[in-house]
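Coordinate inspection notes
Each chain is listed here by its residues.
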Amino acid sequence: MTNMSKLARFTVVPVAAVAAIGLASPAAFAASSYNLSAGSAAAGSSVAFGAQGSGITFTDVTAGASVTCSGSSISGTATPGAAISGTGIAALDGSSVSFSDCTGPVGIEFTVTGSGTWSLDATGDTDANGSTAGNISGVSARVSGSGCSFNATGSVAGAYANGDSSGTLTLSGSEPTLTLSNVSGFLCGVAGISNGDQVSFAATYAVSATDAANNPIQVTSNP
């Protein structure tokens, strides 16, 4: 879906933007398998979920610029099961991502369009606080504005914490793992946006199933 965002020296979609199951540092040691439950949903069924984000900050580490957004949303699906692989434990619909009220040091207005399926991969053990390590891979978006357009691709790391009614996905933005390409337009040069710029993404998303009976969505690792 297309979303108009006010950005400054750079912008990008994460994933964002954005949202889902069992994520944190990709450097963590992978568990042998994972269990995913979703309220009363049966094993093997497809569970739709949505994620609402806040505290959003994009940082173009290369250019030394940042952009903040007041909100974001994204949707996806997960399949409950026991002893399942962490690879593709859930998926995000890239075309559903949106950001709102994004501002920065230069007032450039962009249309952000995500595309493809973004894989949610669990990569580490669930800790004592119910948080599981992983990453969102396959992030792809086109950012278009008057006088400045570019693509953003890559991955985002974070941590998903189980909750009693919903989960919390925290993207720390500790590493610039998104890359800009196909940069064009005079204002991109003015804003310091260039091909190859490295971008980090930080946000906190509340994750809940579309059907209330399928809450909470929880992930745990097996030894």
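Below or above, wherever it landed, is the structure these notes cover. A quick note: this is a predicted structure, and the numbers were derived from the prediction, not measured. (Residues numbered from 1 in each chain as written. Predicted model: local features only at pLDDT ≥ 70, side-chain atom pairs only at ≥ 80, totals over all residues. Heavy atoms only, no water.)

**Looking at the pairing of strand β7 (residues 90-93)**
Residues Ala90 and Leu92 of β7 are buried on one face, while the alternating residues Ala91 and Asp93, pointing to the opposite face, are not. Relative to β7, strand β5 (residues 71-78) runs antiparallel, the two being bridged by three bridges. Considered in β7, the bridge of Thr77 is made with Ala91. (Buried < 20%, exposed > 50% of the residue type's maximum accessible area, 1.4 Å probe, protein only. Helix = DSSP H or I, 4+ residues; strand = E, 2+ residues; numbered from the N terminus. Pairing = 2+ DSSP bridges.)

**Focus: empty space enclosed by the protein**
On inspection of all chains with the given rule, the structure shows one cavity of 30 Å³ or more. Here the largest cavity is characterised by a volume of approximately 70 Å³. Lining of the largest cavity is provided by Val156, Ala157, Ser172, Gly173, Ser174, Glu175, Thr177, Ser200 and Phe201. For the lining of the largest cavity, the secondary-structure elements that each account for two or more residues are β12 (148-161) and β15 (198-209). Taken together, the residues of the lining of the largest cavity break down into three nonpolar, five polar and one charged. (1 Å grid on protein atoms, 1.4 Å probe; cavity = no way out; pocket = protein on both sides within 12 Å on 5 of 7 lines; lining within 4 Å. Points joined across faces, edges and corners; volume = space filled by probe spheres on them. Nonpolar A, V, L, I, M, F, W, Y, C, P; charged D, E, K, R; others polar.)

**A short note on a nonpolar patch on the surface**
On the surface, Phe186, Leu187 and Val190 cluster together into a nonpolar patch covering about 320 Å² of accessible area. Among the secondary structure elements, Val190 is positioned in helix α1 (residues 186-191). Here Val190 falls in the exposed class, since its relative accessible area comes to 54%. (Patch = residues over 30% accessible without salt bridge, like charges linked within 9 Å, V, L, I, M, F, W, Y side chains within 5 Å. Areas by Shrake-Rupley, 256 points an atom, 1.4 Å probe, with all protein chains shown as cover. Salt bridge = Lys/Arg side-chain N within 4 Å of Asp/Glu carboxyl O.)

In short, the description is geometric, and any link to function would need to be established separately.
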